[in-house]
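Below are the chains, spelled out letter by letter.
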Amino acid sequence: MSSIQEEVWNCVEEIIQIRRDIHRHPEIGRSEVQTSALIRKKLEEYGVDRIESPVPTAVVALIHGTAGSGGCVAIRADIDALPVTEETGLPFSSEVPGMMHACGHDIHAAMLLGVAKVLCALRPQFRGTAKLIFQHSEDTLPGGAKELVEKGVLENPHVDAIYGLHVLPDEEIVGKIGIRSGPMTTSVDLYDITVTGRGGHGSEPQKTDDPILAACQMIVDMQQIVARRVDPMETAVVSIGSIHSGGAPNVIPDQVKFGGVSRAYSEEVREVIRQQMFAIAKGMESISNCKFDIYHYYGYPSANNDRTLVDQARETLTRELGAEKVVELERPMGFSEDFAYYNQMTGVPAAYFILYAGHAGDKVYPLHSAKCAMREEAMPSGITAMVAIAMDHLNR
C-alpha cells in the first residue's frame, strides 16, 4: 500500500460522514452558505496554507509542498444541489424540502476535502502548490466556473493544469476511473421561441396567420439541421422539450411558445446549429406571415481533455490503483459541464474524468433522478486518483 493509499484509508470514514452531512443539507447554486462554511471549517482544521472565497459561496484552498519550489496544479469539485425532492430512502436523505444532491456533488465536495487532508499530510512528498477549487453553482446557469475564472481563480499562483472528476451511477462498476482524450462533455445551448400570428375561428383559417402550423413546421425543419447541415462524422442533438399554445379546440390562437436545447462536441457544429435556427425562423416568417422571436442562451461549452494530461494520468492511475481500475472510454459523455470554462477561457490544459460509483438502491437511476443513489465505496478511489495525479504532475 502506497503512502497515498494509507492516508486515504486513515481519513475515509471521516470523509464519508462529511459527505452524509452535506447530503442531508443540500443547497442550490449561489446559496451554498452552510456547505461552504463546512468546507472552510474542515480546511482550517486540516491546516491548508491559504483559504479564499472569490465569491461568497465558493472556497479555494492552497497547499504548498515542502519538497521544493514548483508549479501549481488545480483540482475542482462542484458543491451545489438540485431542486429535486429526494426519493432514495437513504438514512441520510435530504432534510431540505424540494432540494437534493441528485448529481453527486456532495460526493465531489467530500472527496476534495479528503484530497486536502491527504495532501496536507504528504507535503514533504511534493513540490509546488496544489490549488483546490470548491466551486459553486455548476447546475445553475450561467454556472460558477465562468464567474470564478473572471475573478482570476487560475492566477496567483498561475495554474499550469486543472483536473476534475464526476461520479456516475453504474449497474456493476464501483471505484474505476474512466478516461479519454479529446471531447469529454457536450456543449449546451437553450432556445426559447415565440411565434406570433393572427388568431381566429377554426372554421376560417384563411382569415388567420396560424402560429401553431408555423411553429410545427419550424420544429420539423429543425430536425434537418443535424440530418443535412452537420457532418455525419460529428455528433449533435437538437431537441424540443416544451410547446404551449391555445385553450380551445376551435380557436386558432395568436401565439405559440416552444423551447428546446442543442448539444454538440465542437464549437463549429455548435455555431452551425445556431445559424440554422435563425435561418429557419426567417424563412418561416416569410411563408407563414407570423413573427418569430428567438431567445438564444449560450450554455456551457464542450469540455476537451488535454492528451498529454490524460496520458500522464493513465500512468499514474495504473500505478496507484492498478490497470484493472482504469477504463478507456470509447465515447464522451452526453451531458454538459461548466468545468469546460477553465480551459476555454484561459487556455490552461484540463482533464476531466469519470468515477464509476455503482448504485445504492434496487436499480440504477441516472444523475438528476430523485432516486439516484451511489455507493460510498467508490470514494477512496476518487480521492486516491486526484491526490496521485496532482502530486505526479507537480513532481515532474
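Residues numbered from 1 in each chain as written. Predicted model: local features only at pLDDT ≥ 70, side-chain atom pairs only at ≥ 80, totals over all residues. Heavy atoms only, no water.

> Where do I start with the pairing of strand β12 (residues 255-264) in this structure?
Every regular strand shows the same layout, with side chains that alternate between the two sheet faces. Pairing geometry for strand β8 (residues 187-196) and β12, over 10 bridges, is antiparallel. Bridge pairing in β12 links Val-188 to Arg-263. Note that strand β10 (residues 236-245) and β12 share 9 bridges and pair antiparallel. Bridging from a neighbouring strand, Ser-239 pairs with Val-261 of β12. (Pairing = 2+ DSSP bridges. Helix = DSSP H or I, 4+ residues; strand = E, 2+ residues; numbered from the N terminus.)

> Help me understand the nonpolar core, please; the structure alone is not making it clear to me.
In a soluble, globular protein the nonpolar side chains are often hidden away together inside. Membership of the largest hydrophobic core comes to 99 residues, with the highest contact counts inside it found for Leu-132, Ile-162, Tyr-342 and Phe-353. With 11 residues, helix α3 (residues 105-121) is the largest single contributor of residues to this core. (Core = buried A, V, L, I, M, F, W, Y, C linked by side-chain atoms within 4.5 Å. Buried < 20%, exposed > 50% of the residue type's maximum accessible area, 1.4 Å probe, protein only.)

> Please clarify how the environment of Pro-253 should be interpreted in this entry.
Here Pro-253 shows up in the loop between β11 (251-252) and β12. Here Pro-253 is in contact with Arg-198, Gly-199, Pro-211, Ile-212, Ser-245 and Gly-246, once residues within four sequence places are set aside. (Contact = heavy atoms within 4.5 Å.)

> What is the right way to read the packing of helix α1 (residues 3-24) against α3 from this model?
In a pair of packed helices, the angle between the axes and the distance between the axes together describe the arrangement. Closest axis-to-axis distance for the α1/α3 pair is 8 Å, and the angle between their directions is 145 degrees. Once α1 is placed against α3, the crossing between them reads as right-handed. On the side of α1, the interface is formed by Ile-4, Glu-7, Val-8, Cys-11, Glu-14, Ile-15, Ile-18, Arg-19, Ile-22 and His-23, while α3 contributes Asp-106, Ile-107, Ala-109, Ala-110, Met-111, Leu-113, Gly-114, Lys-117, Val-118 and Ala-121. Its residues assigned to classes, the contact of α1 with α3 comprises 13 nonpolar, 2 polar and 5 charged. (Axes fitted to C-alpha atoms, helices over the stretch in contact; angles between N-to-C directions. Left-handed = near helix turned anticlockwise from the far one by under 90°. Nonpolar A, V, L, I, M, F, W, Y, C, P; charged D, E, K, R; others polar.)

> Hey, could you run me through the packing of aromatic side chains in this one?
Each aromatic ring pair is characterised by the separation of its centres together with the angle its planes make. Scanning all chains against the criterion turns up 5 aromatic pairs. An angle of 35 degrees between the planes, with centres 5.0 Å apart, marks the rings of Phe-339 and Tyr-352 as tilted. Placement of Phe-339 in the loop between β15 (326-328) and α8 (340-344) and of Tyr-352 in strand β16 (residues 350-357) is noted, with a sequence separation of 13 residues between them. For the pair shown, Phe-339 and Tyr-352 are each scored as buried. Pairwise contacts between aromatic rings join Phe-339, Tyr-342 and Tyr-352 into one cluster. (Phe/Tyr/Trp six-rings, centres within 6.5 Å; stacked < 30°, edge-to-face > 60°.)

> Explain the environment of Ile-63 here, please?
Looking at the secondary structure, you find Ile-63 in strand β2 (residues 59-64). Along the backbone, Ile-63 and Lys-131 are 68 residues apart, and their C-alpha atoms lie at a distance of 6.6 Å. Excluding residues that lie within four positions of it along the chain, Ile-63 makes contacts with Val-48, Asp-49, Ala-116, Leu-119, Cys-120, Arg-123, Phe-126, Gly-128, Thr-129, Ala-130 and Leu-132.

> Can you walk me through the pairing of strand β6 (residues 174-179) in this structure?
As judged from the 3 bridges shared by β6 and β16, these two strands associate in the antiparallel manner. In the sheet register, Gly-178 faces β16, and the bridge partner there is Ile-354. Examined bridge by bridge, β6 and β15 share 3 bridges and lie parallel to one another. Note that in β15 the partner of Ile-179 across the bridge is Glu-328.

> Would you mind going over the sheet that holds β8 with me for this structure?
Each strand in a sheet pairs with its neighbour through backbone hydrogen bonds, running either in the same direction (parallel) or in the opposite one (antiparallel). Overall, antiparallel pairing links the 4 strands, which are arranged β10-β12-β8-β13 in an open sheet. Where the open sheet ends on each side, the last strands, each with one partner, are β10 and β13 (291-298). For this sheet the average axis-to-axis angle between neighbouring strands, irrespective of direction, equals 20 degrees. Here helix α5 (residues 211-229) sits on the sheet and contacts β8, β10, β12 and β13; the angle it forms with β10, its principal contact strand, is near 170 degrees. Against the sheet, helix α6 (residues 267-288) engages β8, β10, β12 and β13, with an angle of about 170 degrees to β13.

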